[in-house]
Amino acid sequence: MADAAAMAPVIGEEDQSPGGAGTSGIPTWGSSRSKFGALPWTDYFDEELDVEIGQDSFHVYLAGTQGPVLFCLHGGGSSGLSFALSARMLKEKVKVAAMDMRGHGSTRTSDDLDLSAETLCQDVLDVIRTMYKNDPPSIVLIGHSMGGAIATRVAAKRVLRTLAGLIVVDVVEGTAIASLIHMQKLLSNRPPAFPSVEKAIEWNVKGGSLRNIDSARVSIPPTLKYNEERKCYVWLTPLEKSERHWRGWYLHFCTNTVFIFEEIILLCRYEGLSDIFLSAPVAKVLLLAGTDRLDKSLTIGQMQGKFQMIVVRHTGHAIQEDVPEEFSSLVLTFVARNRIGAHGIDIPGLIRQRRSA
């Protein structure tokens, strides 16, 4: 049977003008002259690194030269470049490492379809241990959506001795189960192909997935690959093929269902994630887009002061992309208040929390 994507129409085909693609099939950085032209990662990060682990190669973007490390995990169907705009602001005070997870971006593994929670958690631990070896710096795990579920799992394992904080972005348990029955329908409504990278960026912005054009211009290109047979761009990560892993991710999801396909399938990976989040033995903050409902465990935990919750207004699901200035400010405030790092970081006018003796 022919692949469904191969049979489907290409969005914007009447304006077909596909650009080139690298040897990996991921779009090369094209002209940035047009409103929806791709922007290079070098405008935001300082360097890129391929971390070799056995037969696998994990791609990591790096920025900054001082302070603790913010180790960022992206949402499903995205890449480390979803933190690009935030990284450019954060790197003045801290170091940023944004990893392309298995099956995403420029990371290449022996099994890119193995998106199980256990495998993704182990990948993160392996990459951190390989990068920092026996002298790891203070680390804050930051995870968006699926990445938030993975970050929570990693933190709760209590195996990173220098882990000092956990920031989870727009992941709330209690709304995912109801969304499962709509998952395949939403996926089927996603355009399977585009004639150019620009058309894909335009569709994501105009469709509401992302509200910040500049972020879309750098974060969308690595989510695509060029199909030589059809002469068009298709999605790099075949999320529909990861169905067997959905329930293992998290029964955690935001009510902001505009960000459908990339995140809805990734949303059932972590049953009991709220309790796991609360058990993580580090300072924690939950950033939400809108007034999502907290389940009983999180409601009680918040009342007991076990974590901080901040609702970010006027943004979509991808908070770090839509409002990078506000996101960066909240992250730096969290780091400063909790005195994370050898000497902490200074933010003028900030009253830090005292550490208990």
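From a predicted model like this one, the values you see are computed outputs, not experimental measurements.

Draft legend 1. Quick peek at the pattern of salt bridges. Scanning all chains against the criterion turns up 7 salt bridges. The partner of Arg102 in a salt bridge is Asp56, and the shortest N-O contact between them spans 3.6 Å. In this pair, Arg102 sits in the loop between strand 4 (95-99) and helix 3 (117-132) while Asp56 sits in strand 2 (residues 56-63), placing the two residues 46 residues apart along the sequence. Considered together, Arg102 and Asp56 belong to a single accessibility category, that of buried residues.

Draft legend 2. Fine view of the pairing of strand 2. Burial of strand 2 is extensive: 8 of the 8 residues sit out of reach of the surface. What you see with strand 2 is no split at all: Asp56, Phe58, Val60 and Leu62 on one side and Ser57, His59, Tyr61 and Ala63 on the other are buried throughout. Where strand 1 (residues 47-53) and strand 2 come together, 7 bridges link them in antiparallel fashion. When the bridges of strand 2 are listed, Glu48 appears paired with Tyr61. Connecting the antiparallel pair strand 1 and strand 2 is a turn made up of 2 residues, with Gly54 showing a positive phi of about 60 degrees. Pairing of strand 2 with strand 4 involves 4 bridges; the strand directions are antiparallel. Bridging from a neighbouring strand, Leu62 pairs with Ala97 of strand 4.

Draft legend 3. Representation of unusual backbone geometry. Positive phi is not limited to glycine here, since Arg158 has a value of about 60 degrees. In this fold, Arg158 is placed in the loop between helix 4 (146-156) and strand 6 (163-169). The exposure class assigned to Arg158 is exposed, which follows from its relative accessible area of 57%.

Draft legend 4. Broad picture of the sheet that holds strand 8 (residues 224-227). Strand order in the open sheet formed by 3 strands is 7-9-8, with antiparallel pairing between adjacent strands. Of all the strands in the sheet, the pair left with one neighbour each is strand 7 (193-194) and strand 8. One ladder, built from 2 bridges, connects strand 7 with strand 9 (residues 232-235); its direction is antiparallel. Across the sheet, Ala193 pairs through a bridge with Val234, a residue of strand 9.

Draft legend 5. How the structure looks around the sheet that holds strand 2. The strand order across the open sheet built from 8 strands is 1-2-4-3-5-6-10-11, with neighbouring strands paired in mixed fashion. What marks the edges here is a single partner per strand, and that holds for strand 1 and strand 11 (308-312). In this sheet, adjacent strand axes meet at a mean angle of 20 degrees when their direction is disregarded. Note: strand 6 against strand 10 (residues 283-289), 5 bridges, orientation parallel. Counted as the bridge partner of Gly165 is Ala283 from strand 10. Contacts between helix 3 and the sheet are confined to strand 1, strand 2, strand 3 (69-73), strand 4 and strand 5 (139-144), with strand 1 contributing the most and set at about 110 degrees to the helix.

Draft legend 6. Region of interest: the confidence of the model for the chain. On average, residues of the chain score 81 in pLDDT, and 71% of them are at 70 or above. Predicted confidence for residues 250-270 stays below pLDDT 50, and this span has 121 contacts to residues more than four positions away or in other chains. Under a pLDDT of 50 for its full length, residues 351-357 has, in the predicted model, 13 contacts with residues more than four places off or in other chains.

Draft legend 7. Geometry of the side chain of Asp123. Within the fold, Asp123 resides in helix 3. The residues touching Asp123, leaving out its near neighbours within four places in the chain, are Phe58, Met99 and Arg102.

Draft legend 8. Structural detail: the side chain of Ser82. Structurally, Ser82 is set in the loop between strand 3 and helix 2 (84-90). Using a relative accessible area of 2% as the deciding quantity, one classes Ser82 as buried. For Ser82, the contacting residues outside a window of four places in its chain are His74, Ser215, Ser219, Gln320 and Glu321.

Draft legend 9. Local environment of the packing of aromatic side chains. Taken as a whole and assessed by the stated rule, the structure comprises 8 aromatic pairs. The interplanar angle of 55 degrees and the centroid separation of 6.0 Å between the aromatic rings of Phe194 and Trp203 together place this pair among those described as tilted. On the accessibility criterion, Phe194 (0% relative accessible area) is buried. Judged by relative accessible area, which is 23%, Trp203 ranks as partly exposed. Both rings, one in Phe277 and one in Phe307, keep their centres 5.3 Å apart while their planes meet at 75 degrees; by these two values the pair is edge-to-face. Here Phe277, found in helix 11 (residues 273-279), pairs with Phe307, found in the loop between helix 12 (296-303) and strand 11; they are 30 residues apart in sequence, far enough to count as distant. The buried category is assigned to Phe307, whose relative accessible area is 6%.

Cut-off values and rules
Residues numbered from 1 in each chain as written. Predicted model: local features only at pLDDT ≥ 70, side-chain atom pairs only at ≥ 80, totals over all residues. Heavy atoms only, no water. Salt bridge = Lys/Arg side-chain N within 4 Å of Asp/Glu carboxyl O. Helix = DSSP H or I, 4+ residues; strand = E, 2+ residues; numbered from the N terminus. Buried < 20%, exposed > 50% of the residue type's maximum accessible area, 1.4 Å probe, protein only. Pairing = 2+ DSSP bridges. Axes fitted to C-alpha atoms, helices over the stretch in contact; angles between N-to-C directions. Contact = heavy atoms within 4.5 Å. pLDDT = per-residue confidence, 0-100. Phe/Tyr/Trp six-rings, centres within 6.5 Å; stacked < 30°, edge-to-face > 60°.

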